[in-house]
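# Fold and contact review
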Amino acid sequence: MNFHVMTLFPEMIEQGMATSILGRAMEKGLISLNAVNIRDYTLDKHRRVDDYPYGGGAGMVMSADPVVRCYRALQEKMQGAKHRVIYLTPQGATFTQTMAEELAREEELVFLCGHYEGIDERALEMIVTDQVSIGDYVLTGGELPVMVMMDAISRLVPGVLNNQESSEFETFHDHLLEYPQYTRPEVYEGRRVPEVLLSGHHARIEEWRRQQSILRTKRVRPELLEKAIEEKLLSKKEMKFYRELLEENEKE
Ligand code: 58G
């Protein structure tokens, strides 16, 4: 997976990606990062990349030309091949695990980070294929959202995680949230690890974990649990557990 990021702050992207699992994945050559500075493509003698908005209003807007010229330079380096160009914006479609899985199948991904009040719409029309948001809040730049996306996508690239299975059966795979995890010691400040996990009884552990997932999902993301039931992802036994849970709730 080769990531290309057009940004005014390439060092921010490089530093963010150099650490931990993603840094190791880069060293192994499983992913690569090419962060390019949009400012290097301005023709303005003061290296300006923003200007006042037509029609008035607060703040500044990134000019179309440095962004388009930056993209064309990148495009030339990539031998003119067609790639997805993703613009991070609160106006975009919400980023999901399903989207991460789809994007992880691409060989090259180009991201565009805006600043100030955004980018001249004409540059977006000319180069962007996908507008994506990581959630309903406004940030000062697209750099953090791009790093969020690259993290979510990278861990789906084969070999990036140590334990390849670890990314398969987890959160969102079956619309259920993860069960709680424990490691040593057995008692921490008076709090015991649930007895069943020490039993060595694999079937019972599996059952307990699924029940914990159902409980958690019901509590914090009930709509996910409804979806899991709709798609028949719960076993007969799990459905019985779920119905008993509902009955208990009614008593309260
Ligand atoms: C309004 C405000 C429109 C992504 C700012 C465009 C980017 C949040 C997200 C912008 C972002 C998100 C300028 C700064 C985009 C531009 C950037 N904020 N929720 N801010 O994914």
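Residues numbered from 1 in each chain as written. Predicted model: local features only at pLDDT ≥ 70, side-chain atom pairs only at ≥ 80, totals over all residues. Heavy atoms only, no water.

A few words on the packing of aromatic side chains. Following the criterion strictly, the structure yields 1 aromatic pair and no others. With a centroid separation of 6.1 Å and 40 degrees between ring planes, the pair formed by Phe3 and Phe111 is classed as tilted. With Phe3 in strand E1 (residues 2-7) and Phe111 in strand E6 (residues 108-112), this pair connects stretches of sequence that are 108 residues apart. Each of the two residues, Phe3 as well as Phe111, counts as buried. (Phe/Tyr/Trp six-rings, centres within 6.5 Å; stacked < 30°, edge-to-face > 60°. Helix = DSSP H or I, 4+ residues; strand = E, 2+ residues; numbered from the N terminus. Buried < 20%, exposed > 50% of the residue type's maximum accessible area, 1.4 Å probe, protein only.)

Further remarks concern the side chain of Glu143. Mapped onto the secondary structure, Glu143 falls in helix H6 (residues 143-154). Although buried, Glu143 forms no salt bridge, and the nearest oppositely charged side chain, Arg39, lies 9.9 Å from it. Within polar-contact distance, the side chain of Glu143 engages the side chain of Thr7 at 2.6 Å. The residues touching Glu143, leaving out its near neighbours within four places in the chain, are Thr7, Leu8, Phe9, Met12, Ile13, Cys113, Gly114 and His115. (Lys, Arg positive; Asp, Glu negative; His and termini not counted. Salt bridge = Lys/Arg side-chain N within 4 Å of Asp/Glu carboxyl O. Polar contact = N/O pair within 3.5 Å; in protein donor to acceptor, adjacent residues only side chain to side chain. Contact = heavy atoms within 4.5 Å.)

The next thing to look at is a nonpolar patch on the surface. Judged by side-chain polarity, Phe9, Met12, Tyr137, Leu139 and Leu144 come together as a nonpolar surface patch covering roughly 450 Å² of accessible area. Looking at Phe9, the relative accessible area reads 34%, which means it is partly exposed. (Patch = residues over 30% accessible without salt bridge, like charges linked within 9 Å, V, L, I, M, F, W, Y side chains within 5 Å. Areas by Shrake-Rupley, 256 points an atom, 1.4 Å probe, with all protein chains shown as cover.)

The next point concerns the pattern of salt bridges. Within the structure shown, the criterion is met by 14 salt bridges. In this structure, Asp51 and Arg48 form a salt bridge, with 3.6 Å as the shortest nitrogen-oxygen distance. We classify Asp51 as partly exposed; its relative accessible area is 40%. For Asp120, the salt bridge is made with Arg122, and the minimal N-O distance between the two is 2.6 Å. Salt bridges here are not isolated pairs; linked through shared partners, they connect Arg84, Glu102, Glu106 and Asp130.

Moving on, we get to the sheet that holds strand E5 (residues 84-94). Overall, parallel pairing links the 5 strands, which are arranged E2-E1-E6-E5-E7 in an open sheet. Where the open sheet ends on each side, the last strands, each with one partner, are strand E2 (32-37) and strand E7 (130-133). Here the average twist between neighbouring strands, direction ignored, is 30 degrees. Across 6 bridges, the pairing between E1 and E2 is parallel. Considered in E2, the bridge of Thr7 is made with Asn37. Strands in contact with helix H3 (residues 64-77) are E1, E2, E5 and E6; relative to E1, the strand with the most contacts, it is inclined by about 160 degrees. (Pairing = 2+ DSSP bridges. Axes fitted to C-alpha atoms, helices over the stretch in contact; angles between N-to-C directions.)

Time to look at the nonpolar core. Core analysis: the biggest nonpolar cluster contains 29 residues, and Phe3, Ile31, Phe111, Met150 and Ile153 have the highest contact counts within it. Going through the elements one at a time, E1, helix H1 (10-18), helix H2 (20-27), E5, helix H4 (97-103), E6 and H6 are the ones with two or more residues in this core. Residue contacts for Phe111: discarding those within four places in its chain leaves Phe3, His4, Val5, Met6, Ile86, Leu88, Val146, Met149, Met150 and Ile153. Membership of the second largest hydrophobic core comes to 22 residues, among which are Met6, Leu112, Ile119 and Ile127. (Core = buried A, V, L, I, M, F, W, Y, C linked by side-chain atoms within 4.5 Å.)

Let us look at the site of the ligand. Around the ligand, a shell composed of 19 residues is seen, among which Ser133, Ile134, Gly135, Tyr137 and Leu139 lie nearest. At 3.3 Å, a side-chain N or O of Ser133 approaches a nitrogen atom of the ligand. Note that an oxygen atom of the ligand is positioned 2.8 Å from one of the backbone N or O atoms of Ile134. Expressed as a share of its isolated accessible area of 470 Å², the protein-covered part of the ligand is 92%. With 5 residues, E5 is the single largest residue contributor to the shell around the ligand. (Near = heavy atom within 4 Å.)

Bringing the environment of Glu244 into the picture now. Along the chain, the position of Glu244 falls in helix H9 (residues 236-251). As for Glu244 and Glu189, which are separated by 55 residues in sequence, their C-alpha atoms are 33 Å apart.

A contiguous patch of negative charge on the surface is contributed by Glu247, Glu248, Glu250 and Glu252. Within the secondary structure, Glu250 sits in helix H9. On the basis of relative accessibility, which here comes to 67%, the residue Glu250 falls in the exposed class. (Charge placed at Lys NZ, Arg CZ, Asp CG, Glu CD.)

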